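A look at the structure
Single-letter residue listing:
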Amino acid sequence: MGIKSFSRARAIHVMLVYTGGCNGCDIEIVNSILSPRFDAEQYNVFLTWNPREADVLVVTGPVTYHNRKPLEAIYDAIPNPKLVVAAGSCALMGGVYKNCFADIPSEEIEGPVENIIPVDAKVPGCAVRPQDVLAGVVSLLPTLLDAD
Amino acid sequence: MDEKVPRSKIIETEIPMGTVHPAALEPYRVRLFVEDEIVQEAEITIGVNHRGIERIMEGLPVEKANSLTEKICGICSNAHIWNSCRTAEMGLGIEIPERALYIRIIMGELERLHSHFLYLAHGCEVLAHETFSMRVFYLREIVMELLAMIGGNRVQYGCSVLGGVRPRCDLDESKLLRLKEDMDKVEEGLTDFANRFTSDSIVMSRISGIGVLPQKQALKLAVTGPTLRATGVARDLRTTMFEYDNFDFNVVTQPDGDVKSNLLIRALESFESIKIIRQAIVNIPEGKVVNRDWEMFDTGINESYIEVPRGTLYHSYALESGRVRHSIIRTPSMSNIGAMQYACIGDQITDAQLSIVQCDPCFTCSDRTIEIIRR
Amino acid sequence: MFENTLINSILAVIGTVLVCFLISTLLPGIERKYIHARIQQRIGPVVMAPGIMAPIKFMFKENVEISSPVPGLYKSLPIICFIVVLCVLIALTPQAYQFPALASLVAVVGFLKVEEICYVLMGALSKSVMSVRMPFPDQVKGAAHLKTTKSFIEDISAKRSLRMITYGSFPLYMALFAPVTAAGSIFLSDIVAYQQANGPFLFTVSGAIAAIVFFIGYMIILNEYPFSIIKAKSDVIEGPYMEYAAKYRAVVYITRGFFMFVLGAIFSVLFIGVPPTILSWGILVNIAVALIFVFMMGIFSAFSPVFTNRQLLPTILGATLLGILSIVLGLL
């Protein structure tokens with residue numbers, strides 16, 4: 001393990017972007033990073049709100065119409081290597097909002113997240129459990145460590 | 001009364017914040033019009049996460065529509081499904097078993113606890129007091145696990161169904177015992193937190209007099225919930241709901257309407273919630289938890305108001321051959337937005353987000369299609 | 001003979017700087033893990049993570065095009081900050097005392113002022129995506145006030161850092177000049193010599209008051225909670241540092257830890273009379289002082305909310321008055 005991977009494994013900055021949805025996933029994720037019960041910092045995962053600092057972008061919600069451009073702007077602001085975790089069923093497939101009228105998709109929803117930015121890991125759940133989010137971020141570690 | 005009304009001269013600087021911002025847990029945009037670091041006017045733009053829930057509900061079978069309302073909000077999800085079921089139950093005249101009512105109240109009050117704890121923790125986080133925030137999050141975890149124990153999920157439990165509660169959510173002896181023990185733990189932790197919080201003179205001087213919402217203005221803006229009670233108006237819909245008839249609790253008020261009053265009222269209401277849960281544990285009657293004997297028929301518009309952690313929640317819909325028509329949902333944050341904009345005025349920019357947070361915003365709830373009628 | 005001494009001195013300075021630098025990289029981690037996390041009853045990150053590992057990680061990130069009107073100047077500012085801090089440390093070493101122009105309090109104060117001016121420039125030049133540049137259709141809707149100038153959140157922090165230059169760093173400078181009253185000289189060599197003859201200045205009444213003032217100034221200049229108004233999370237997110245990415249962010253991270261150590265070293269020179277050098281065991285005093293300061297800062301910041309201008313002004317005023325008191329006591 002080179003110094004690059006060694007350092008990457010010891011400092012992972014996670015940024016959270018909420019793109020609509022019901023707020024449940026956001027709070028569970030912030031909860032997993034902030035609350036002493038789950039304490040993501042013990043795995044050296046830090047929460048940041050600055051895209052220039054982030055390595056991993058966690059996206060929740062089905063990406064509503066007004067959230068598409070902010071999401072793209074934030075994704076573009078993150079320097080490489082960057083990885084995206086889509087958390088929650090809304091982010092994975094639009095949730096209950098996307099395909100609500102059978103074949104006719106809702107015009108409010110631009111998502112799922114995959115349509116807008118490339119997704120590297122998917123964390124299912126409605127709402128996601130904090131353990132799953134941590135597992136999702138950790139499952140990205142090999143990709144992150146080997147990136148250029 | 002309006003000592004905080006913005007001056008009518010031209011304001012030159014505008015600071016937009018959002019839609020992603022650390023002090024907000026959900027997407028919204030706030031534009032602050034400032035003059036020398038003092039906020040003169042604030043404008044909150046919502047509609048960022050409009051998903052059209054009422055439109056989706058239109059024409060769905062009522063059972064499906066009920067569980068869809070849960071996805072309106074991840075914080076007060078139980079309140080939405082409870083009120084949605086209650087709407088249909090009132091329209092169809094379904095009789096609900098006593099035990100189911102008690103379980104609904106236990107869930108409702110647990111949700112109030114977790115919502116208020118989230119409020120306290122988030123408020124402390126916006127104050128940049130990480131330690132207090134962590135302590136409350138730790139307490140909140142106990143409540144979250146209780147919710148997961150009863151409902152099977154940490155956030156969306158789907159507890160209420162038409163005619164009662166899901167059989168999964170029935171409380172047996174061991175669950176009641178754990179509930180009782182954990183209530184003691186929560187009360188102890190909350191007492192400790194409240195003592196530390198109120199005796200911390202730095203924090204107290206930092207938050208008193210910030211984001212003041214006068215009582216008259218609050219009534220004018222039709223503010224609901226704890227935000228209204230923090231201005232000294234004892235108005236709580238729980239006193240009029242028939243579910244709470246057998247329970248003894250106080251409506252807590254605070255005098256000032258500032259951040260301090262708002263934080264304290266959440267802590268004090270949490271004690272009342274613990275009290276209600278304890279009464280429910282002692283008095284819970286035996287019997288079945290769901291009544292399946294009811295007939296579906298067409299009704300006109302059915303309405304239901306309940307008190308949820310953030311204020312008054314209103315659901316209404318008509319039923320046509322078992323399907324939902326003309327659904328309208330009005331969430332408490334909708335009417336509190338005016339209060340948020342008002343509370344920012346006259347404070348430092350650093351306090352602007354705190355003033356918004358003090359009204360307990362939930363914009364995911366309140367993103368509805370609004371028609372503004374100018375008269 | 002002369003050349004030998006020169007080479008030896010240069011080697012000693014380089015050695016001192018290296019040792020101090022290595023220790024300084026641990027300080028943010030110590031603050032995060034052993035103070036904040038311990039108080040908040042959680043485990044916390046690895047000690048190395050915030051101080052060393054994060055900068056190394058940022059070194060390996062892609063150097064993106066940053067959004068700034070003057071990218072060249074903006075990118076050079078953290079490096080200037082680092083060099084300034086390095087110069088302060090070099091000025092504190094006993095080998096530098098032969099150059100009175102460098103090893104004097106005026107030079108130290110000047111260097112610290114450069115550091116503060118850098119914050120203003122950083123704030124003014126950073127145009128982050130998180131406020132005005134966030135693509136959101138709120139122009140078309142109009143607003144309560146039309147024809148306003150849209151201001152970036154970093155612009156607020158630039159204004160605030162300007163305000164901090166004018167009055168915010170007063171306590172620190174008051175405390176720095178308190179030992180001068182006892183030693184009667186602004187040269188570090190004289191101050192050290194005086195304290196080695198008469199005992200540490202810290203243990204006099206004037207010195208004890210000045211030490212408290214120094215500590216407040218230390219927290220203000222490091223922008224730690226509760227004085228972190230220029231990078232408060234509740235409005236300006238990270239303030240001046242918003243746009244730094246990759247290598248430049250690494251320098252920002254390193255500078256913070258290094259600055260913590262150097263301010264501790266300033267204290268040990270001015271108040272205890274032990275200059276940092278690897279040639280004596282005195283460097284252990286320097287390290288201990290730096291650690292104690294970090295511990296105290298961690299405890300204070302864990303238990304206090306962020307101050308706004310409304311609380312900041314009286315706090316700074318009070319600290320400045322205390323500083324004046326200590327100087328007056330020293331003169332008597």
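First, a word on scope: everything that follows refers to the structure included in this document. Quantities reported herein were computed from a predicted structural model and do not represent experimental measurements. (Residues numbered from 1 in each chain as written. Chains lettered and ligands numbered in written order. Predicted model: local features only at pLDDT ≥ 70, side-chain atom pairs only at ≥ 80, totals over all residues.)

Focus on the overall build of chain B
- Each helix and strand counted, chain B has 13 helices and 8 strands in total.
- A globule of 375 residues ought to have a C-alpha radius of gyration of about 21 Å, and chain B, at 21 Å, matches this closely.
- Projected onto the principal axes, the alpha-carbon positions of chain B cover approximately 65 × 50 × 35 Å.
- Per-residue burial over chain B gives 56% buried out of 375 residues.
- Long-range contacts, defined here as pairs at least 24 residues apart, represent 69% of the contacts in chain B between residues at least 6 apart. (Helix = DSSP H or I, 4+ residues; strand = E, 2+ residues; numbered from the N terminus. Rg over C-alpha atoms; globule rule 2.2 N^0.38 Å. Buried ≥ 20, exposed ≤ 12 C-beta atoms within 10 Å, placed from the backbone. Contact = placed C-beta atoms within 7 Å.)

Section: the overall build of chain C
- A count of helices and strands for chain C gives 12 helices and 1 strand.
- For chain C, the sequential pattern of α-helices and β-strands runs α-α-α-α-α-β-α-α-α-α-α-α-α.
- Scaling as 2.2 N^0.38, a compact globule of 332 residues should have a C-alpha radius of gyration of about 20 Å, and chain C matches this with 21 Å.
- The dimensions of chain C, computed from C-alpha atoms along their principal axes, are 75 × 45 × 45 Å.
- Restricting to contacts in chain C with at least 6 residues of sequence separation, those with at least 24 account for 79%.

A few points about the packing of helix H7 (residues 170–183) of chain C against helix H8 (residues 188–198) of chain C
Residues and elements named next belong to chain C.
- Two elements in contact, H7 and H8, have axes separated by 10 Å at closest approach and are oriented at 65 degrees. In this structure, H7 meets H8 at a crossing whose hand is left-handed. On the side of H7, the interface is formed by Pro-179, Ala-182 and Ala-183, while H8 contributes Asp-190, Ile-191 and Tyr-194.
- Across the contact of H7 with H8, the residue classes break down as 5 nonpolar, no polar and 1 charged. (Axes fitted to C-alpha atoms, helices over the stretch in contact; angles between N-to-C directions. Left-handed = near helix turned anticlockwise from the far one by under 90°. Nonpolar A, V, L, I, M, F, W, Y, C, P; charged D, E, K, R; others polar.)

Structural notes on the nonpolar core
- Grouped together as the largest cluster of nonpolar side chains are 267 residues, with contacts concentrated most on Val-14, Leu-57, Val-58, Val-59 and Ala-87 of chain A, Leu-32 of chain B together with Val-262 of chain C.
- Counting residues per element, this core draws most heavily on helix H10 (residues 246–272) of chain C, which supplies 20 residues.
- Discounting residues that sit within four places of it in the chain, Val-14 of chain A has contacts with Ile-33, Val-45, Phe-46, Leu-47, Thr-48, Ala-54, Val-56, Val-58 and Val-137 of chain A. (Core = buried A, V, L, I, M, F, W, Y, C linked by C-beta atoms within 7 Å.)

Concerning the packing of helix H4 (residues 71–92) of chain C against H10 of chain C
Residue and element names in this part refer to chain C.
- It is the contact of H4 with H10, at a shortest axis distance of 9 Å, that shows an interaxial angle of 25 degrees. By the angle class used here, H4 and H10 are roughly parallel. Like other packed secondary-structure pairs, H4 and H10 cross with a definite hand, here left-handed. The segment H4 lies against H10, with Lys-75, Pro-78, Ile-79, Cys-81, Phe-82, Val-85, Val-88, Leu-89 and Leu-92 engaging Tyr-248, Val-251, Val-252, Ile-254, Thr-255, Phe-258, Phe-259, Val-262, Ala-265, Ile-266 and Val-269.
- Of the residues assigned to the contact of H4 with H10, the class counts are 18 nonpolar, 1 polar and 1 charged. (Parallel < 35°, antiparallel > 145°, perpendicular 65-115°, else oblique.)

Examining the pairing of strand S7 (residues 311–320) of chain B
Residue and element names in this part refer to chain B.
- Judged from the 8 bridges that link them, strand S6 (residues 299–308) and S7 form a sheet pairing that is antiparallel. Residue pairing for S7: Ile-306 is matched across the bridge by Leu-313.
- As consecutive antiparallel partners, S6 and S7 are separated by 2 residues.
- Sheet topology note: the S7/strand S8 (residues 323–330) ladder contains 6 bridges and is antiparallel. Bridging from a neighbouring strand, His-315 pairs with Ile-329 of S8.
- Counting the residues that bridge the hairpin from S7 to S8 gives 2 residues, and of these Ser-321 lies at a positive phi of roughly 40 degrees. (Pairing = 2+ DSSP bridges.)

Considering the interface of chain C and chain B
- At the junction of the two partners, chain C supplies 35 residues and chain B supplies 37 residues.
- Broken down by secondary-structure element, the contributors of at least two residues to the side of chain C that touches chain B are helix H2 (27–39), strand S1 (149–150), helix H6 (153–168) and helix H12 (309–331) of chain C.
- For the side of chain C that touches chain B, the element with the highest residue contribution is H12 of chain C, accounting for 3 residues.
- Grouping the amino acids of the side of chain C that touches chain B by side-chain chemistry returns 17 nonpolar, 13 polar and 5 charged.

Quick word on the sheet that holds strand S2 (residues 29–35) of chain B
- Read from one edge to the other, the open sheet built from 4 strands follows the order S3(B)-S2(B)-S1(B)-S1(C), with strand pairing classed as mixed. At either end of the open sheet lies a strand with only one pairing partner, and these are strand S3 (38–45) of chain B together with S1 of chain C.
- Where strand S1 (residues 13–17) of chain B lies against S1 of chain C, 2 bridges are found, and the strand directions are parallel. Of the residues in S1 of chain C, the one forming a bridge with Thr-13 of chain B is Thr-149 of chain C.
- This element, helix H12 (residues 349–358) of chain B, spans S1, S2 and S3 of chain B of the sheet and lies at about 140 degrees to S2 of chain B.

Re the sheet that holds S6 of chain B
Residues and elements named next belong to chain B.
- Spatially, the 3 strands line up as an open sheet ordered S6-S7-S8, and their pairing is antiparallel. On the outer flanks of this sheet lie S6 and S8, each paired with one strand and no other. The mean inter-strand angle of the sheet, taken between neighbouring strand axes irrespective of direction, is 15 degrees.

Some words on the interface of chain C and chain A
- Every contact between the two is made by 30 residues of chain C and, on the other side, 24 residues of chain A.
- Taken together, the elements giving at least two residues each to the side of chain C that touches chain A come down to helix H3 (48–59) and H10 of chain C.
- Looking at which element gives the most residues to the side of chain C that touches chain A, the answer is H3 of chain C, with 6 residues.
- Classifying every residue of the side of chain C that touches chain A gives 20 nonpolar, 3 polar and 7 charged.

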